[in-house]
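Architecture and fold: a report
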Amino acid sequence: MAEARVELAITGMTCASCANRIERKLNKLDGVTASVNYATEKAHVTFPADLDPLDLVAQVEAAGYRAALPAPEPERAEPAEEDPTRSLRQRLLVSAALAVPVVLLAMVPALQFTHWQWISLALASPVLVWGAWPFHRAAWANLRHGAATMDTLISMGTLAAYGWSLYALLFGTAGTPGMTHPFELTVRRTDGAGAIYLEVAAGVTVFILAGRYFEARAKRRAGAALRALLELGAKDVAVLREGRETRVPIAELRVGDRFVVRPGEKIATDGVVDEGSSAVDASMLTGESVPVEVGPGDAVVGATVNAGGRLVVRATRVGSDTQLAQMAKLVEDAQSGKAQTQRLADRISGVFVPVVIALAVGTLAFWLGAGGGVSAAFTAAVAVLIIACPCALGLATPTALLVGTGRGAQLGILIKGPEVLESTRRVDTVVLDKTGTVTTGRMGLVAVRAADGVDEDEVLRLAGALEHASEHPVAKAVAAGAAERVGELPDVEDFRNHEGVGVQGVVDGHAVVVGRERLLAEWAVHLDEDLADAKRAAEQRGHTAVLVAWDGEAKAVLAVADAVKPTSAEAVRRLRGLGLTPVLLTGDNEAAARAVAAEVGIDEVIAEVLPKDKVDVIARLQGEGRVVAMVGDGVNDAAALAKADLGLAMGTGTDAAIEASDLTLVRGDLLAAVDAIRLARRTLGTIKGNLFWAFAYNVAALPLAAAGLLNPMIAGAAMAFSSVFVVSNSLRLRAFRGAVPAERSAGVRAASAKVPAGVS
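Residues numbered from 1 in each chain as written. Predicted model: local features only at pLDDT ≥ 70, side-chain atom pairs only at ≥ 80, totals over all residues. Heavy atoms only, no water.

We now examine the overall build of the protein chain. Secondary structure summary: the protein chain contains 27 helices and 26 strands in total. Residue burial in the protein chain is summarised as follows: out of 760 residues, 52% are buried. Within the protein chain, counting contacts between residues at least 6 apart in sequence, those at least 24 apart form 71% of the total. Counting every atom, the protein chain has about 32,900 Å² of accessible surface; 57% of that belongs to carbon and sulfur. (Helix = DSSP H or I, 4+ residues; strand = E, 2+ residues; numbered from the N terminus. Buried < 20%, exposed > 50% of the residue type's maximum accessible area, 1.4 Å probe, protein only. Contact = heavy atoms within 4.5 Å. Areas by Shrake-Rupley, 256 points an atom, 1.4 Å probe, with all protein chains shown as cover.)

Pasting the structure below:
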């Protein structure tokens, strides 16, 4: 049977269990396979071609949520995006302004003027009705489907507190003029007619709204990876029509069109070179650190950069068929397929809520059966529901996350949201991209091998001067390395560039040739045995060998390579110390990858892989039962970062990689990856501790509530103490210390060890 695919936009989800419920509902339809992503609010559905997609929308709506089919393709052009957090922010600000006086009036007896309780009711009512409406709506949807989540707990507890307060004010003694809540923590039985719990209802609502707002802010960036990828492409292109260049928007480019790419410009789309030759920097897409030489007949990829001469390219693929568009699709598929981490609070609530409801019903039945009176029985039952709603639950995740992310920012680590933290504890394999992650990502001069009797500085002076006149990336590396070592370079006369093989010119009266062996052979210059061995050794290490000759004789071999970052070897050692197995993954050649791996201490190497292959490698490792973290920096890493259980992007890399990742390492230093995993694990531990104590303080008071011994001050104290503890526990994350490179810490120890003579 023929199949079709569609991506539904889902609204109304408040937690990961909502996504699971929609997924189960869609998968009940015959032939339908659905994957719902809570973070991106999308459902990817495969369904029989004869099924109307509107039936899928109806199925989602039957589950209590809203769905929409994708808009037609032309409408994709830059719509003004409305801030989805705006409504939540408004609810939070208004609710906080109204709730603060309610909490102060309830907790500070000196502020309790005549009729203060009615003012509290007027202030708390909008908070409970309008501010907490998202929780009530979600709780109702859960109830209809026999499920219990954190929303159920919030709605049930706040409504119980508000409902009982309303009863006590209208039908009990709480509404009498001059009523106060004395500041006493006595345990005594009461019928509850003189107690109100408005501060519990309003305070809990504000705390939970604050937590949801900070979570929504982090979640808002979930789809930004695709936008960042598409931004990489050229916006317009110089098309050749009737022999003249005409600049047109990229959308008007068609297969078969010939277009011009000048030095420094992005190649507009995938194609084949018709005229010209140049070096193309494709590292952003392929991870290959050495620029690729292209000429007539060679294929080029859109969004790569022309680093050398003028090219005329014939377009072979445009729009959604290009490699860049395919990579965007890979990122999207990887994100939607990523396993969702169920929120801890929802998991706890799924067990806790039914237990509390059963305890409340049991308390009511016990007191009615024991002859305690209807009012006392209902007081005890409602008190169970009130005390079971812990306001600290709303602070548990956001406070730890805010402190943890704040400390991370100081250390150059950006954590995108709470849902990424749980992966850090389970990760056992870390896949490291080579170019720009383990290495600097820039070509540099790493070795000089001069012939016998030839001065190395003289080699660099002459070769550097000649290469300085070239625009080729390898030439720039030689020129920069020479200038750094010998200083100012001499002028060049009669400079000539031989596309793809090297350069020649006259420097200080010497006829100098710098480039490949083929260029030297054209000048009847051959390498002696020592220089030939040096060239072979450099190439075996994955380096680019540049030959230097003047006055008809070969003088030296220069090795140019992407240098390893100074801290990479130590970072790999520390990653092993965290129980992780490092793997080097790169689009670069096998020899270069093996050389880098040996230098930093990595045993497992996977080289010469395309972007799609990187995703497949991550999937293969996951299929072997491994939990995989990926560290990368290029566009070619974006899909793999999204596919990995934990994605870490170097902040020195591309926007696409950063947006597709879970953690961003601003420093561009692999030691930051060590810090990121340590900090994320510490933050997750703090969140779990916060959640435990958020429940524990209130659970401890449940027996008092069931016994009918709860008074408003004990309820308020439980709320306050649990909140204070959660905040204090979270603040401990500020003491987290990042990794210090060994040489720096050794220097500190050496400095501290210097003791003046005569001092013991």
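Spatially, the four strands line up as an open sheet ordered β2-β3-β1-β4, and their pairing is antiparallel. The sheet terminates laterally at β2 (33-37) and β4 (66-68), the two strands that pair on one side only. In this sheet, neighbouring strand axes are inclined to one another by 25° on average, regardless of whether the strands run parallel or antiparallel. (Pairing = 2+ DSSP bridges. Axes fitted to C-alpha atoms, helices over the stretch in contact; angles between N-to-C directions.)

This part is about the sheet that holds strand β16 (residues 439-450). Spatially, β16-β21-β20-β19-β18-β17 is the arrangement adopted by the six strands of the open sheet, whose pairing is antiparallel. Both edges of this open sheet fall to β16 and β17 (493-498), since each of them pairs with a single strand only. Neighbour to neighbour, the strand axes of the sheet diverge by 20° on average, direction disregarded. When strand β18 (residues 502-507) meets strand β19 (residues 510-515), the two strands line up antiparallel, connected through six bridges. In the strand pairing of β19, Gln-504 is matched with Val-513. Along the sheet, helix α16 (residues 456-468) makes contact with β16, β17, β18, β19, β20 (544-550) and β21 (553-564), crossing β19 at roughly 80°.

We now examine the UniProt feature "transmembrane region" (unreviewed entry) in the protein chain. UniProt's entry tags residues 92-110, 116-133, 153-174, 194-214, 348-370, 376-403, 691-707 and 713-731 with the feature "transmembrane region" (unreviewed entry), counted in the numbering of this structure. In the segment residues 116-133, helix accounts for 94% and strand for 0%; the C-alpha atoms at its two ends are 25 Å apart. Note that residues 691-707 is 94% helix and 0% strand, and that its end C-alpha atoms are spaced 25 Å apart. (UniProt positions renumbered as here; feature names shortened; annotations may be inferred.)

This part is about helix α21 (residues 590-600). Within α21, the full set of buried residues consists of Ala-592, Ala-593, Val-596, Ala-597 and Val-600. In an axial view of α21, the angular spread of the buried residues amounts to 130°, which keeps them on one side of the axis. Seen from the buried face of α21, the exposed residues on the opposite side, beyond 90 degrees, are Ala-598 and Glu-599. The elements touched by buried residues of α21 are α15 (434-438), β16, β21, α20 (568-577), β22 (581-585) and β23 (604-606). Once α21 finishes, Gly-601 follows within two positions and takes phi at roughly 90°, a positive value. (Arc of directions from axis to C-beta.)

On to the packing of helix α4 (residues 116-131) against helix α5 (residues 133-144), then. Here α4 crosses α5 at 45°, and the two axes come no closer than 5 Å. It follows that α4 is oblique to α5 by the angle criterion. Along the contact surface, α4 presents Leu-128, Val-129, Trp-130 and Gly-131, while α5 presents Trp-133, Pro-134 and His-136. Partitioned by chemical class, the residues of the contact of α4 with α5 number five nonpolar, two polar and no charged. (Parallel < 35°, antiparallel > 145°, perpendicular 65-115°, else oblique. Nonpolar A, V, L, I, M, F, W, Y, C, P; charged D, E, K, R; others polar.)

Our next topic: the nonpolar core. If you look at the biggest cluster of nonpolar residues, it comprises 51 residues, and the most contacted ones within it are Ile-196, Tyr-197, Leu-198, Val-356 and Ile-386. Elements represented by at least two residues in this core include exactly α3 (86-107), α4, α6 (150-171), α7 (198-219), α11 (344-369), α12 (374-387) and α25 (671-706). The element contributing the most residues to this core is α7, with 10 residues. Counting 49 residues, the second largest nonpolar core, distinct from the first, contains Ile-415, Met-650, Leu-663 and Leu-670. (Core = buried A, V, L, I, M, F, W, Y, C linked by side-chain atoms within 4.5 Å.)

Let us look at α3. Taking 1.5 Å of rise per residue, 22 residues should cover 32 Å, and α3 covers 31 Å from first to last C-alpha, within 8% of that figure. Of all the bends in α3, the largest measures some 25° and sits at Ala-96. Of all the positions in α3, only Leu-88, Arg-91, Leu-92, Ser-95, Ala-99, Val-102, Leu-105 and Ala-106 are classed as buried. (Expected span 1.5 Å × (residues − 1). Bend = angle between axes of the 7 residues up to and from the residue.)

In this section: the packing of aromatic side chains. What the rule picks out here adds up to five aromatic pairs. For the pair Phe-366 and Trp-367, a centre-to-centre distance of 5.4 Å together with 80° between the ring planes defines the contact as edge-to-face. A relative accessible area of 14% places Trp-367 in the buried class. Clustering of aromatic rings is evident, with ring pairs tying together Trp-164, Tyr-167 and Phe-171. (Phe/Tyr/Trp six-rings, centres within 6.5 Å; stacked < 30°, edge-to-face > 60°.)

Together, Asp-452, Asp-528, Glu-529 and Asp-530 line one region of the surface with negative charge. Exposure remark for Glu-529: the relative accessible area of 63% places this residue in the exposed category. (Patch = residues over 30% accessible without salt bridge, like charges linked within 9 Å, V, L, I, M, F, W, Y side chains within 5 Å. Salt bridge = Lys/Arg side-chain N within 4 Å of Asp/Glu carboxyl O. Lys, Arg positive; Asp, Glu negative; His and termini not counted. Charge placed at Lys NZ, Arg CZ, Asp CG, Glu CD.)

Together, Val-100, Leu-104, Val-108 and Leu-111 make up a nonpolar patch on the protein surface, roughly 310 Å² of accessible area in all. Following the sequence through the fold, Leu-111 ends up in the loop between α3 and α4. Of the residues examined, Leu-111 reaches a relative accessible area of 40% and is grouped as partly exposed.

What follows is about the packing of α16 against helix α17 (residues 473-486). In contact at an axis separation of 8 Å, α16 and α17 are set at 135° when each is read in the N-to-C sense. When the axes of α16 and α17 are compared, the pair comes out oblique. Between α16 and α17 the crossing geometry is left-handed. Mapping the contact onto sequence places Glu-456, Asp-457, Leu-460, Arg-461, Gly-464, Glu-467 and His-468 in α16 and Ala-475, Val-478, Ala-479, Ala-482, Arg-485 and Val-486 in α17. (Left-handed = near helix turned anticlockwise from the far one by under 90°.)

Mapped onto the secondary structure, Arg-21 falls in helix α1 (residues 16-27). Residues Arg-21 and Val-36 lie 15 residues apart in sequence; the distance between their C-alpha atoms is 9.3 Å.

With that settled, consider the pairing of strand β3 (residues 42-48). Within a regular strand, side chains alternate between the sheet's two faces. Burial analysis of β3 places six of its seven residues in the buried class, which makes it a mostly covered element. Strand direction decides the pairing type here: β2 and β3, joined by five bridges, are antiparallel. In the sheet register, Val-36 faces β3, and the bridge partner there is Ala-43.

Now for the pairing of strand β25 (residues 646-650). Counted residue by residue, β25 has five buried out of five residues, so it is predominantly covered. Across four bridges, the pairing between strand β24 (residues 628-632) and β25 is parallel. From the neighbouring strand, Gly-632 faces β25, where its bridge partner is Ala-649.

Let's shift gears to the pattern of salt bridges. Summed over the entire model, instances satisfying the criterion amount to 27 salt bridges. Ionic pairing is found between Arg-626 and Glu-624, a salt bridge with its closest N-O pair at 3.5 Å. Since its relative accessible area comes to 21%, Arg-626 is described here as partly exposed. Under the relative-accessibility criterion, Glu-624 is labelled partly exposed at 47%. If you follow the salt bridges from partner to partner, you end up with Arg-258, Asp-274, Glu-275 and Arg-314 in one network.

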